Amino acid sequence: MDDVDAKHGGDVGDAPGAARALEYVVDPVVAVADGTITFANEAARDAFELGDADRDAATALGARWTRLATAINETTVGTARRVDLEGEEGSARIHRGADGATITFDRGATDTDGAGGSPSGASDRLVKDRALEAAPVGITISDPDREDNPLVYINEAYETITGYGFDEVVGRNCRFLQGDDSNEDAIAEMAAAIDDERPVTVELKNYRKNGTEFWNEVTIAPVRNEDDSVTNYVGFQNDITARKEAELALERRTTELEYILERVEGLIQDVTAVVAGSTDRSELEDEVCTRIAEEDGYEGAWIGERNPATGTIEVRSSAGIEPESDGITTDPDHPAAETLATTDPAVDTADGTARAAFPLSYNGIEYGVLTVLTDRDRTVDDRERVILSALARAVASGINARETSRVLATDAVVAVELELTDRSLAPVALSAAADCRLDYRRSVHHTDDETASLFTATGASADDLTAAATELSDVDCRVVVERDDECLIELIGTEDLVDWLSERGVRTQAIESGDGRARVTLEIPRSANVRSVVEAVEDRYPGTDVVSFQQRERERETRQEFAARLEGALTDRQFAALQRAYLGGYFEWPRPTTGEELAQSMGVSRPTFHEHLRTAEGKLCRAFFGDM
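Residues numbered from 1 in each chain as written. Predicted model: local features only at pLDDT ≥ 70, side-chain atom pairs only at ≥ 80, totals over all residues. Heavy atoms only, no water.

K.L.:
Mind laying out the overall build of the protein chain, listing which residues take part and the relevant values?
P.N.:
Broken down by element type, the protein chain carries 19 helices and 23 strands. With 628 residues in all, the protein chain has 46% of them scored as buried. Of the contacts made within the protein chain by residues no fewer than 6 positions apart, 55% connect residues no fewer than 24 positions apart. About 31,300 Å² of surface is accessible on the protein chain, with carbon and sulfur atoms providing 46% of the total. (Helix = DSSP H or I, 4+ residues; strand = E, 2+ residues; numbered from the N terminus. Buried < 20%, exposed > 50% of the residue type's maximum accessible area, 1.4 Å probe, protein only. Contact = heavy atoms within 4.5 Å. Areas by Shrake-Rupley, 256 points an atom, 1.4 Å probe, with all protein chains shown as cover.)

Laid out in structure tokens, this is it:
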């Protein structure tokens, strides 16, 4: 009866010849399309008292229409179902076609299974149909016996996913969801599975009614009858856009990371080789910029240094680009200026080119800024930023090594005198606690890599010094030699100022401490960033005051240089033995200390001490008489 074709909008009862046979059916029969009765046989006209004007199904069929309309929407095209009506209305059988439905009313039928009045197989099918309709995934049913295997059913979830309504979909092949970016391989895989009458699951990009893209996980499976013949295909659509976009984003990130690691691995190796092999700072900076500019993905690089007098950044080296065109002297918002102000990497984009700036800082000393420019339309992400930051630290370490080695070689120095009051500095704390004066003599390195400084202490006895040090946290004071008016002490604190400054290319000329204040005299190469060194000291020791700056030329070889040259020829043990013997008065007469006492202060036996001392004395003589 679903093949009955009545003219939509014709008089009730006026049907084509193919439908006239229904006039002789004793059960009421109506044809409905879009909520309008397009045909009613005589039994229906009598049962429902239909006239020519009674075409609205809701008006003509009353309360029963609500259940019937729902059942029609839930019925697959080309199938039928029975609907139990409420009260004594009986039941009705719905035949669903592509353009409408035919309803046959059976007032006397109840269709029970004879086992206590439970619903029949038709009612079971109704429950299953409603389950399909309420399913959270899109469900479709197609009919392969009809031309182009059109859809004959879609559920509500399908309409929600695609934006298409029932009437826009039924009768069409499901390919209408495909578009320009739909994967051809996935489409071919689905077609092959249908030809082979086997299930298949694919993921492809589809398009909603409004044109927006979504990723659709489509599963198609054949439905077979009792003869194992395929009667329909059921499809399941699942919107996996969020998951797919996350997967694609992860793939992109992985690909980008692999690319970055592969690209920068060689860069880091080359820069490391430059840092190790360059002979001076300028050569190191030139080679680093050149190597970065040669790398795919970078347009160029430059290294600049802050000029405190002008407030600008002066370029020391560049490759691949003209730094002047980069606006470093005029633009206060340039990432290089931001990096020097914050000591953190900074990235921005100008004219489509990403500019990434990284601080050149080592042990708190600022050596400038490294700025890298990328190819157009490519940004610098967090991973690349971390790698380039590590590269910048390696460059800063190399610059520090070159600057430190130049301390002994340069003739042009800046003498800086500072006053420190921070009690974390051991001589400041001890001079205040013991009410004494401390004068720095030398620093010595123990075999456990611990650095100690030797001071001459006046104004306090050995017992006073030891007792005062005991009351101080993180200060270790050991008396090496005690004389009538002074003591030679070895002072160890958690922070050794001399060692810390030496690592930054600074030589400590003198430390004079008394009354909880220390006057420290430093020598810094004139070519070094003196301001940065002083700022580092001020940051480390709050309350530091700058007393004076003085530029001067050193003699060709100062006493300190001679001592340093001799010290380089001595082993640590030889130097320590010679130093302790001299400072302890071992070469005076009468001797205020014995070899046994000096050996104990070094933690060695007396014969070992004398062996180190004799060897050191020999090297000292050769240094004076021209053999070394």
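Now that the structure has been shown, the text picks up again.
K.L.:
Please provide a residue-by-residue account of the sheet that holds strand 6 (residues 138-142), values included.
P.N.:
Spatially, the 5 strands line up as an open sheet ordered 7-6-10-9-8, and their pairing is antiparallel. Single-partner strands in this sheet number two, and they are strand 7 (151-154) and strand 8 (200-207). Across the sheet, the mean angle from the axis of one strand to that of its neighbour is 25°, orientation sign disregarded. Pairing analysis gives 8 bridges linking strand 8 to strand 9 (residues 213-224), with the strands arranged antiparallel. (Pairing = 2+ DSSP bridges. Axes fitted to C-alpha atoms, helices over the stretch in contact; angles between N-to-C directions.)

K.L.:
Hey, could you go over the packing of helix 17 (residues 572-583) against helix 18 (residues 595-602) for me, with residue numbers and the actual values?
P.N.:
Packing of helix 17 against helix 18 leaves a shortest axis separation of 10 Å and a crossing angle of 135°. In terms of orientation, helix 17 lies oblique with respect to helix 18. At the point where helix 17 passes helix 18, the crossing takes the right-handed sense. Contacts between helix 17 and helix 18 involve Arg573, Ala576, Ala577, Arg580 and Ala581 from the former and Leu598, Ser601 and Met602 from the latter. Classifying every residue of the contact of helix 17 with helix 18 by side-chain character gives 5 nonpolar, 1 polar and 2 charged. (Parallel < 35°, antiparallel > 145°, perpendicular 65-115°, else oblique. Left-handed = near helix turned anticlockwise from the far one by under 90°. Nonpolar A, V, L, I, M, F, W, Y, C, P; charged D, E, K, R; others polar.)

K.L.:
Let's hear about the side chain of Asn155: which residues, and what values?
P.N.:
Tracing the backbone shows Asn155 in the loop between strand 7 and helix 5 (156-162). One polar contact links the side chain of Asn155 to the main-chain carbonyl oxygen of Val137, over a distance of 3.0 Å. Excluding anything up to four places from it in sequence, Asn155 contacts Leu132, Glu133, Ala135, Val137, Gly138 and Ile139. (Polar contact = N/O pair within 3.5 Å; in protein donor to acceptor, adjacent residues only side chain to side chain.)

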